[in-house]
Amino acid sequence: MDKLIDASYLQKDLDLEADFVIVGSGAGGGTSAEILSKAGYSVIIVEEGNYERSKDFDLKELSTFNRLYFEGATRPTKDKAFTVVQGRTVGGSTVVNWTTCIRTPKETLSYWETELGMKGFSNEEMEPWFDIASKRFSIQPWEAHNQNNNLLSVGAKKLGWRYNSIPRNVKNCNMLGYCGLGCPVDAKQSQLVTTIPSALKQKTTLLFRANAVKYNWKENKIDHLYCKPSVQTGETLPKIRLFAKHFITSAGAINSPALLLRSNLPDPYGLIGKRTFVQLHNYSVAEMPTPVYGFFGAPQSVASDEFLWKDGVKGRAGYNIEAVGAQPIVLMNLRKLVGEEFDSYVKSYPNLHVLVSQIRDGFHEDSLGGTVQLNEVGYPILDYPLNDFIVDGIRRSYLSMAECQFAAGAKTVVPANNVVNPFKTWAEAKKGIEKMVIQSPNTVVNSTHPLGGNAMGNSMESSVVDTNGKFHHIQNLSVIDGSIFPTSLGVNPSYTIYAIASKLATNLSKEYQSNVN
Ligand SMILES: Cc1cc2nc3c(=O)[nH]c(=O)nc-3n(C[C@H](O)[C@H](O)[C@H](O)COP(=O)(O)OP(=O)(O)OC[C@H]3O[C@@H](n4cnc5c(N)ncnc54)[C@H](O)[C@@H]3O)c2cc1C
């Protein structure tokens, strides 16, 4: 079998077979592919995106967003209140992520254990898997903070808040600041430069520009996965059928539940796609008296978790505060201005300081997440209304971010929205934010951290997969990616996905080994 197959150039139908077929080559898929192929199994990775390498990453914003992201990084939710941003390329979102690696908070793992009864994911039990992931992806402490991150430390310190440096998964980082456009020097230790090339040295085939359409199944077993090229070059669209002993869905949140829904898999309790979380991101923009140049350097290297658990795990919406990689397209999208206002915003660009807060969801009875649905052509749409619980989190996090930015010396601060103008003092900001109307489309929020939709758990009545990632109703199907989390995490998810994928893929490998022996 060829190692690399570009499905868009297929002239005729294709049938392939391997021990494992993995859909998606991101954090979950890449990690699983390496573990299984190193254990001696043959593997086919199916990836909808293109196989771009560092030489292709030209750091041009618009064209890159179109090439490396789903829907040009502007995938809207059902009511268009916000966009969900996900990578669509070999290596998945790990190719475009900002390299921030934070371990799952112990509060989250403890909630999974005590409230959801999940075994095997306690802080202590996860420790070895975090160690494995940290070595594999070169996750290391980072102290070379740019001024955007430094100012978060300055504000947090003045206010007596907790804050930390965030480890990153990089080797010899050139600090270009454009991590979201792919790393042109291969410093980022994404799946593209770690697990995928390693798996390809074993019995692995990478079938790219191939869209996994649906599983064909009978009784409780998948027979084959039906795929088609994601780009059509010829007159007809060849049919691809992939056969395997076991199938792993690693297409990420939203896309993994969508594949299961398209396949009409048994779902007696209607759980597939439910409990999809987003850790909603909202932003605060400050103008500083001196240049910040937030577009250079490591984008995100300081975090404050002061407000993450302040009201208790099951209390009001908690949030993490981080700095933002202030590349032009990101900043210009935060405020919708015209004329002189836009002119002055652009001119202030070097001095702009930007913070983001991520609101954890899934821990409170008013925070049940969104639902993945399919449109008439089987494409996923996330239905996630911004309810009062989330709006309250947005408002309080706007207040915290503004307070921090004024404490760090801001001349003005404005929450990323279209209803209020920049505030000149903390007192003015406090008053204004407390009464501002927070609603779509005036509030600029988004998510690069969709999670859940195929919740993991013990019981068929409340979860889609078991705690080994196995789909409850089909014997040869697993899900290994961010879609299996039963809540959001409260922090950036990649490190947790690497660790949990390592654990689940290792268990799967052992299970098949013992079946063979
Ligand atoms: C811009 C951005 C910045 C981020 N920054 C950080 C950060 O600094 N730190 C952090 O911890 N996290 C970050 N994240 C999030 C993190 O990268 C993701 O949570 C993680 O990669 C998700 O892993 P996954 O395996 O669930 O899915 P992904 O890594 O997204 O992989 C899924 C793959 O499946 C493919 N796929 C989907 N559907 C199909 C189909 N039907 N057929 C074939 N292939 C399919 C996709 O193309 C994709 O390649 C960021 C994400 C983005 C988008």
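Note that the structure is a prediction, hence the values are computed from the model and not measured. (Residues numbered from 1 in each chain as written. Predicted model: local features only at pLDDT ≥ 70, side-chain atom pairs only at ≥ 80, totals over all residues. Heavy atoms only, no water.)

## Focus on the overall build of the chain
Part 1 of the argument: Within the chain, the secondary structure is distributed over 12 helices and 23 strands.
Part 2 of the argument: Here the C-alpha radius of gyration of the chain, 22 Å, is about what a compact globule of 517 residues would show, namely 24 Å.
Part 3 of the argument: Across its three principal axes, the chain shows a C-alpha extent of roughly 70 × 45 × 45 Å.
Part 4 of the argument: When the 517 residues of the chain are sorted by exposure, 61% land in the buried category. (Helix = DSSP H or I, 4+ residues; strand = E, 2+ residues; numbered from the N terminus. Rg over C-alpha atoms; globule rule 2.2 N^0.38 Å. Buried < 20%, exposed > 50% of the residue type's maximum accessible area, 1.4 Å probe, protein only.)

## Some remarks on the environment of Gly 29
Part 1 of the argument: Along the chain, Gly 29 falls in helix α1 (residues 27-38).
Part 2 of the argument: Looking at Gly 29, the relative accessible area reads 0%, which means it is buried.
Part 3 of the argument: Setting aside residues up to four positions removed in sequence, Gly 29 forms contacts with Ile 22, Gly 24, Ser 250 and Ile 480. (Contact = heavy atoms within 4.5 Å.)

## Observations regarding the side chain of Ser 42
Part 1 of the argument: Tracing the backbone shows Ser 42 in the loop between α1 and β3 (43-47).
Part 2 of the argument: You can call Ser 42 buried: its relative accessible area is 18%.
Part 3 of the argument: A distance of 2.9 Å separates the side chain of Ser 42 from the backbone nitrogen of Asp 19, its partner in a polar contact.
Part 4 of the argument: Residue contacts for Ser 42: discarding those within four places in its chain leaves Ala 18, Asp 19, Phe 20 and Lys 203. (Polar contact = N/O pair within 3.5 Å; in protein donor to acceptor, adjacent residues only side chain to side chain.)

## Side note on the packing of helix α5 (residues 147-159) against helix α10 (residues 388-407)
Part 1 of the argument: Interhelical geometry of α5 versus α10 gives an angle of 95° and a closest axis separation of 7 Å. With respect to each other, α5 and α10 are oriented roughly perpendicular. Counting all contacts with α5, which are made through Leu 152, Gly 155, Ala 156, Lys 158 and Leu 159, the residues of α10 involved are Glu 403, Cys 404 and Ala 407.
Part 2 of the argument: Taken together, the residues of the contact of α5 with α10 sort by class into 5 nonpolar, 1 polar and 2 charged. (Axes fitted to C-alpha atoms, helices over the stretch in contact; angles between N-to-C directions. Parallel < 35°, antiparallel > 145°, perpendicular 65-115°, else oblique. Nonpolar A, V, L, I, M, F, W, Y, C, P; charged D, E, K, R; others polar.)

## Focus on α1
Part 1 of the argument: The terminal C-alpha atoms of α1 lie 17 Å apart, and with 12 residues this matches the ideal 16 Å at 1.5 Å per residue to within 8%.
Part 2 of the argument: Among the 12 residues of α1, 10 are classified as buried, and the element is accordingly described as predominantly covered.
Part 3 of the argument: Along α1, the positions that sit buried rather than exposed are Ala 27, Gly 28, Gly 29, Gly 30, Thr 31, Ser 32, Ala 33, Glu 34, Leu 36 and Ser 37.
Part 4 of the argument: Directly beyond the C-terminal end of α1, a positive phi value near 100° is found at Gly 40. (Expected span 1.5 Å × (residues − 1).)

## Section: the site of the ligand
Part 1 of the argument: The full set close to the ligand counts 40 residues, and Gly 28, Glu 47, Ser 93, Thr 100 and Ser 494 are the nearest of them.
Part 2 of the argument: Within the contact set of the ligand, a nitrogen atom lies 3.0 Å away from a backbone nitrogen or oxygen of Trp 98.
Part 3 of the argument: With respect to the ligand, the backbone of Thr 99 contributes an N or O atom lying 3.2 Å from an oxygen atom.
Part 4 of the argument: Here the ligand loses 97% of its free accessible area of 990 Å² to cover by the protein chains.
Part 5 of the argument: Elements with a contribution of two residues or more to the shell around the ligand: α1, β3, β10 (210-218), α7 (255-262) and α12 (494-516).
Part 6 of the argument: It is β10 that provides the largest number of residues to the shell around the ligand, a total of 3 residues.
Part 7 of the argument: Class assignment for the residues of the shell around the ligand results in 13 nonpolar, 22 polar and 5 charged. (Near = heavy atom within 4 Å. Areas by Shrake-Rupley, 256 points an atom, 1.4 Å probe, with all protein chains shown as cover.)

## Focus: the pattern of salt bridges
Between side chains of opposite charge, pairing is possible as soon as their charged atoms come close.
Part 1 of the argument: Considering all chains together, one arrives at 21 salt bridges under this definition.
Part 2 of the argument: Between Asp 6 and Arg 209 there is a salt bridge, and its shortest N-O distance comes to 2.9 Å. With a gap of 203 residues between them, Asp 6 in strand β1 (residues 4-6) and Arg 209 in the loop between β9 (204-208) and β10 connect regions that are remote in the sequence. Both residues of the pair, Asp 6 and Arg 209, count as buried.
Part 3 of the argument: Notably, a salt bridge pairs Lys 430 with Glu 434, separated by 3.4 Å at the nearest N-O pair. In this pair, Lys 430 and Glu 434 both sit in helix α11 (residues 426-435), 4 residues apart, roughly one turn of the helix.
Part 4 of the argument: Members of the salt-bridge network, linked through shared partners, are Asp 311, Arg 316, Asp 392 and Arg 396. (Salt bridge = Lys/Arg side-chain N within 4 Å of Asp/Glu carboxyl O.)

## A word on the UniProt feature "domain: Glucose-methanol-choline oxidoreductase N-terminal" (unreviewed entry) in the chain
Part 1 of the argument: According to UniProt, the "domain: Glucose-methanol-choline oxidoreductase N-terminal" (unreviewed entry) feature falls on residues 66-279.
Part 2 of the argument: Secondary structure across residues 66-279 comprises 25% helix and 21% strand; the distance between its end C-alpha atoms is 24 Å. (UniProt positions renumbered as here; feature names shortened; annotations may be inferred.)

## A closer look at the nonpolar core
Part 1 of the argument: By size, the foremost hydrophobic cluster in this structure holds 154 residues, and its most contacted members are Trp 112, Leu 225 and Leu 242.
Part 2 of the argument: No other element matches α10, which puts 10 residues into this core.
Part 3 of the argument: The contacts of Leu 242, once residues within four sequence positions are left out, are Leu 16, Val 21, Ile 44, Val 46, Leu 207, Asp 223, His 224, Leu 225, Cys 227 and Phe 247. (Core = buried A, V, L, I, M, F, W, Y, C linked by side-chain atoms within 4.5 Å.)

## Focus on the pairing of β3
Part 1 of the argument: Across the 5 residues of β3, 5 count as buried, placing the element largely inside the fold.
Part 2 of the argument: Where strand β2 (residues 14-23) lies against β3, 4 bridges are found, and the strand directions are parallel. Across the sheet, Phe 20 pairs through a bridge with Val 43, a residue of β3.
Part 3 of the argument: Of the crossover connections in this fold, the one passing from β2 over α1 to the parallel β3 is right-handed.
Part 4 of the argument: As paired strands, β3 and β9 are joined by 5 bridges and run parallel to one another. Residue pairing in the sheet places Ile 45 in a bridge with Leu 206 of β9. (Pairing = 2+ DSSP bridges. Right-handed = clockwise from strand over helix to strand, strands pointing away.)

## A short note on unusual backbone geometry
Part 1 of the argument: In this chain, Ser 440 is followed by Pro 441 through a cis amide linkage whose omega measures 0°.
Part 2 of the argument: One can find Pro 441 in the loop between α11 and β21 (445-447).
Part 3 of the argument: Of note in this structure, Met 175 is not a glycine but carries a positive phi near 55°.
Part 4 of the argument: On the secondary structure map, Met 175 appears in the loop between β8 (168-169) and α6 (195-200).
Part 5 of the argument: Non-glycine residue Tyr 293 carries a positive phi angle of around 50°.
Part 6 of the argument: By the secondary structure assignment, Tyr 293 is in the loop between β14 (281-287) and β15 (302-304).

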